[in-house]
Amino acid sequence: MRRSRSGWVLPAYMWLVLIYLFLPVFVVIAFSFNDINRGFNVVWQGFTIRHWLDPFRVPDIVESLGTSLVIAFLSAAVATVLGTLIALALVRYRFRGRSTTNVFLFLPMATPEVVLGSSLLALFITLRVATGFWTIVIAHILFNISYAVVTVRARITGFDRHLEEAAMDLYSDEWNTFRRVTLPMILPGVLAAFMLGFALSFDDFIITNFNSGTVQTWPMYVWGASRRGIPPQVNVWATAIFILTTVAMFVNLRIQGRRAARSADV
Amino acid sequence: MDTRTDIPAVELDGVTKEFADFTAVYELNLAIGENTFFALLGPSGCGKTTTLRMIGGFEDPTTGVIRLHGEDVTGQKPYQRPVNTVFQSYALFPHLTIFENVAFGLRRRGVEDAEVKRRVNEMLELVQLTPFIKRKPKQLSGGQQQRVALARALVNHPRVLLLDEPLGALDLKLRKEMQIELKRIQQEVGITFIHVTHDQEEAMTMADVIAVMHQGRIERMGEPTEIYEDPRTAFVAGFLGASNMMSVTVVDRGSGAVALNGGTRLHIDPSKLDGGDGTVRVGVRPEKLRIYPIDEVSLPPNVLQGTVTDASFIGVSTHYLVEADHIGEIAVVAQNLDDHHHRPGDPVKVGWLPQHCFVVA
């Protein structure tokens, strides 16, 4: 009896939360089909797939998107390599300055982005470095390293050190041990660090805005466009990215589920 | 076994290992002969695992030299040494199949594919794991994982195999089986096994030679029966099983006559009294004692009188505790040969033969 009376509360609550989370996303998707030509894309004018058929119509969108993807890839890759090495050193070795390193690693995560971005700009100006593509990359590597270290370190902690000794015992030198045992074991953490870094970089506006010079990333383009009306092509690209990510996530879940099922099948 | 004329398989020469805050191994000298099943036995923290890790190359000695078959390997990396290790946690590679785990060492040494396949299959047959070849380590039971770890080491034909408490994680029944299995494999492959354990029964079951370690030093080394019957130190006597210890005064060294506090005469093997003067500590194992009714007349040379305080029947034997004059409680293990059972409160005599006494430093 109790069950039937309160049975609707939890599902209703769940749906409210889901709607709260996804309503903005659905608005973005819906307005990629809005039949407008210029001005502010906020009032529904009718359905069209015109913008989906012509996503390259605004050259700035495509160019800034490309810039953002390249920066995201570069900064995530560099930060992942450096972060993995730092994480290994922090977990494995006791060295001078280890605890100091730990504190410094948290700083970029704890510092407000406005402060981080403006400080970096001050630094670049002092060093007489012209801001642009590479200063954005440097800035993104900076905050990505912290996240990479934290992500990879979680994977390395709880890693049986005897596995590496066993590899050494079985005629693997240090490099082979890393390649054949350590890296495969921490790979999920390393990949997660890369994806997290990619997303953070792709998304970043504040720090980028300080250090971009004349280069325009995708978030900066959208910010600029929002003042004179965002072209519906932005919605098209945003929707495409959303769908791509969702599909990738489902594929990943399926693969993991199948792998788990295979492991359980003894 | 004579290790003085042959070159020993493993030789430690004045090896000391200091860590930041303590000395794990102190001035260790040790020679282990070819084809020996050698056990390093001791409580946790005695330095046995550190010793093993130094032989394997996972720790460098602070001072001293380690030789394998006469060759100085001190400072060599683990992958440069002709030894392989079975780790306590097995340390199987979780991302590789059983086949690839066992093949790992051969592949790193560039053995060609067909040969790898042949040797891995042969080895998995030896440890009876052929049906599990495509599985991952997590899908195997503890005992099976243990055998994979053994196969992964043995497939490389090491000249010395190091085993770090390899049976510690198994339940009692499986451990007994694996003890026999390990001994069989050692005899079959005919290489030196160095086995680290804290289980004295395990060491005595398997080993040809046992070294008992205590606080970074080897206290006693020899064949199992030899060190059990004549442990020489109180620590070894206690670690290798129960024993009744008593302080006695030497009365006549020539005949081995000694006296307890109250004046009771006892006799011990005179050869064991060398050097011992005045007061010495002697011990006798519970199973060497026999318990007699108080009116028994046919008794061995050493006799004590006392009262039974506890009797526990455990099937194959009965364990008695006897409160004896001038000594205190002594333990007696009696075989259940007749139906004469003594009850708590019964006055009894306890007797044993002089050669069953040992003297400890």
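Just so we're clear, the structure is a prediction, and the values are computed from it rather than from any experiment. (Residues numbered from 1 in each chain as written. Chains lettered and ligands numbered in written order. Predicted model: local features only at pLDDT ≥ 70, side-chain atom pairs only at ≥ 80, totals over all residues. Heavy atoms only, no water.)

### Examining the overall build of chain A
Here is step 1 of the chain: Broken down by element type, chain A carries twelve helices and zero strands.
Here is step 2 of the chain: In chain A, the order of α-helices and β-strands from amino to carboxyl end is α-α-α-α-α-α-α-α-α-α-α-α.
Here is step 3 of the chain: Taken over the C-alpha atoms alone, chain A extends approximately 70 × 70 × 35 Å along its principal axes.
Here is step 4 of the chain: Each of the 266 residues in chain A was classed as buried or not, and the buried ones make up 35%.
Here is step 5 of the chain: In chain A, 71% of the contacts between residues at least 6 apart in sequence involve partners at least 24 apart.
Here is step 6 of the chain: In the form shown here, chain A has an accessible surface area of approximately 16,400 Å², with 69% of it arising from carbon and sulfur atoms.
Here is step 7 of the chain: Taking the average place of the 22 positive charges on the side chains of chain A and the average place of its 14 negative ones, the gap between the two points comes to 8 Å. (Helix = DSSP H or I, 4+ residues; strand = E, 2+ residues; numbered from the N terminus. Buried < 20%, exposed > 50% of the residue type's maximum accessible area, 1.4 Å probe, protein only. Contact = heavy atoms within 4.5 Å. Areas by Shrake-Rupley, 256 points an atom, 1.4 Å probe, with all protein chains shown as cover. Lys, Arg positive; Asp, Glu negative; His and termini not counted. Charge placed at Lys NZ, Arg CZ, Asp CG, Glu CD.)

### Observations regarding the domain arrangement of chain B
Residues and elements named next belong to chain B.
Here is step 1 of the chain: Per the domain assignment, the segments of chain B are domain 1 (10-235) and domain 2 (244-360).
Here is step 2 of the chain: With seven residues of domain 1 at the interface, the matching set in domain 2 holds seven residues.
Here is step 3 of the chain: Between domain 1 and domain 2 the total buried area reaches about 590 Å² when both faces are included, carbon and sulfur atoms providing 50% of it.
Here is step 4 of the chain: At the junction of domain 1 with domain 2, the criterion picks out one salt bridge.
Here is step 5 of the chain: Across the pair lysine 288 and glutamate 229 runs a salt bridge, and its minimum N-O distance is 3.1 Å.
Here is step 6 of the chain: Each residue belonging to the side of domain 1 that touches domain 2 can be placed in one class, and the counts come to three nonpolar, one polar and three charged. (Domains from an automatic or database assignment. Buried area = accessible area lost by both parts, 1.4 Å probe. Salt bridge = Lys/Arg side-chain N within 4 Å of Asp/Glu carboxyl O. Nonpolar A, V, L, I, M, F, W, Y, C, P; charged D, E, K, R; others polar.)

### Some remarks on the domain arrangement of chain A
All names here are of chain A.
Here is step 1 of the chain: When the domains of chain A are assigned, the result is domain 1 (1-56 + 234-266) and domain 2 (59-230).
Here is step 2 of the chain: Inter-centroid distance (C-alpha atoms) of domain 1 to domain 2 is 28 Å.
Here is step 3 of the chain: Taken together, the contacts link ten residues of domain 1 with 13 residues of domain 2.
Here is step 4 of the chain: Taken over both partners, the interface formed by domain 1 and domain 2 buries close to 830 Å², and the fraction arising from carbon and sulfur atoms is 79%.
Here is step 5 of the chain: It is Phe40, Val234 and Trp237 in domain 1 that bury the most area against domain 2; as a group they hold 57% of the surface buried on that side.
Here is step 6 of the chain: Where domain 1 touches domain 2, the interface holds zero salt bridges.
Here is step 7 of the chain: Connecting domain 1 to domain 2 are zero residue pairs in polar contact (both at pLDDT 80 or more).
Here is step 8 of the chain: Among the residues forming the side of domain 1 that touches domain 2, the class breakdown is seven nonpolar, three polar and no charged. (Polar contact = N/O pair within 3.5 Å; in protein donor to acceptor, adjacent residues only side chain to side chain.)

### Here we look at the sheet that holds strand β7 (residues 160-164) of chain B
Residues and elements named next belong to chain B.
Here is step 1 of the chain: Taken in spatial order, the six strands make up an open sheet running β6-β7-β8-β3-β9-β10, and their pairing is mixed. Taken across any chain shown, the strands that pair with only one partner, and hence form the sheet edges, are β6 (83-86) and β10 (217-222). Across the sheet, the axes of successive neighbouring strands diverge by a mean angle of 20°, strand direction being ignored.
Here is step 2 of the chain: Bridge count between β6 and β7: four bridges; the pairing is parallel. Bridge pairing links asparagine 84 to leucine 161 in β7.
Here is step 3 of the chain: Strand contacts of helix α5 (residues 172-189): β3 (37-41), β7 and β8 (192-197), with the helix running at about 160° to β8, the strand carrying the most contacts. (Pairing = 2+ DSSP bridges. Axes fitted to C-alpha atoms, helices over the stretch in contact; angles between N-to-C directions.)

### Examining the environment of valine 111 of chain B
Here is step 1 of the chain: Within the secondary structure layout, valine 111 of chain B lies in the loop between α2 (98-108) and α3 (113-126).
Here is step 2 of the chain: Among residues more than four places away in sequence, those in contact with valine 111 of chain B are Leu106 and Val116 of chain B.

### Quick look at the interface of chain B and chain A
Here is step 1 of the chain: Counting residues at the interface gives 24 residues for chain B and 22 residues for chain A.
Here is step 2 of the chain: Together chain B and chain A conceal approximately 2,100 Å² of surface at their shared face, both sides included; 62% is due to carbon and sulfur atoms.
Here is step 3 of the chain: Our enumeration of links across chain B and chain A arrives at two salt bridges.
Here is step 4 of the chain: Between arginine 53 of chain B and glutamate 165 of chain A there is a salt bridge, and its shortest N-O distance comes to 2.6 Å.
Here is step 5 of the chain: Our count for the contact surface shared by chain B and chain A stands at nine residue pairs in polar contact (both at pLDDT 80 or more).
Here is step 6 of the chain: For the side of chain B that touches chain A, the secondary structure elements donating two or more residues are β6 and α2 of chain B.
Here is step 7 of the chain: Taken together, the residues that form the side of chain B that touches chain A break down as ten nonpolar, seven polar and seven charged.

### Considering the packing of helix α5 (residues 98-110) of chain A against helix α7 (residues 133-156) of chain A
All names here are of chain A.
Here is step 1 of the chain: Contact geometry of α5 with α7 gives a least axis separation of 8 Å together with a crossing angle of 120°. Regarding the angle of α5 to α7, the classification is oblique. Seen along the crossing, α5 lies across α7 with a hand that is left-handed. Contacts between α5 and α7 involve Asn102, Leu105, Phe106, Pro108 and Met109 from the former and Leu142, Phe143, Ile145, Ser146, Tyr147, Val149, Val150 and Arg153 from the latter.
Here is step 2 of the chain: Split by residue class, the contact of α5 with α7 holds ten nonpolar, two polar and one charged. (Parallel < 35°, antiparallel > 145°, perpendicular 65-115°, else oblique. Left-handed = near helix turned anticlockwise from the far one by under 90°.)

### Regarding helix α11 (residues 218-225) of chain A
Here is step 1 of the chain: Burial runs high along α11 of chain A: six of the eight residues are buried.
Here is step 2 of the chain: Along α11 of chain A, the positions that sit buried rather than exposed are Trp218, Pro219, Met220, Tyr221, Gly224 and Ala225 of chain A.

### As for the pattern of salt bridges
Residue and element names in this part refer to chain B.
Here is step 1 of the chain: What the rule picks out here adds up to 24 salt bridges over all chains.
Here is step 2 of the chain: Residue glutamate 181 pairs with arginine 184 through a salt bridge whose shortest N-O separation is 2.8 Å. Taken together, the residues span about one helical turn, with glutamate 181 and arginine 184 both in helix α5 at a distance of three residues.
Here is step 3 of the chain: For glutamate 181, a relative accessible area of 16% gives the class buried.
Here is step 4 of the chain: Residue classification places arginine 184 among the partly exposed positions, given a relative accessible area of 31%.
Here is step 5 of the chain: Measuring nitrogen to oxygen at the nearest pair gives 3.2 Å for the salt bridge that ties aspartate 208 to lysine 183. One end of the pair, aspartate 208, is in the loop between α6 (200-206) and β9 (209-214); the other, lysine 183, is in helix α5, with 25 residues separating them in the sequence.

### Side note on the sheet that holds strand β12 (residues 257-259) of chain B
Residue and element names in this part refer to chain B.
Here is step 1 of the chain: Reading across from one edge, β13-β12-β11-β14-β20 is the order of the five strands in this open sheet, with antiparallel pairing throughout. Since the sheet does not close on itself, it has two edges, and those belong to β13 (265-267) and β20 (357-360), each with one partner. Strand-to-strand twist of the sheet, defined as the mean angle between neighbouring strand axes without regard to direction, takes the value 50°.
Here is step 2 of the chain: In this sheet, strand β14 (residues 279-284) lies alongside strand β11 (residues 244-252) in antiparallel orientation, the contact comprising six bridges. Its bridge partner lying in β14, serine 247 is registered against arginine 281.

### Regarding the packing of α2 of chain B against α3 of chain B
Residues and elements named next belong to chain B.
Here is step 1 of the chain: Running from N to C, α2 and α3 cross one another at 125°; their axes reach a closest spacing of 9 Å. Accordingly, the angle class assigned to the pair α2 and α3 is oblique. Judged by the twist between their axes, the crossing of α2 over α3 is right-handed. Here Ile98, Phe99, Val102, Ala103, Leu106 and Arg107 of α2 lie close against α3, whose contacting residues are Asp113, Val116, Lys117, Arg119, Val120, Asn121 and Leu124.
Here is step 2 of the chain: Tallied by class, the residues present in the contact of α2 with α3 amount to eight nonpolar, one polar and four charged.

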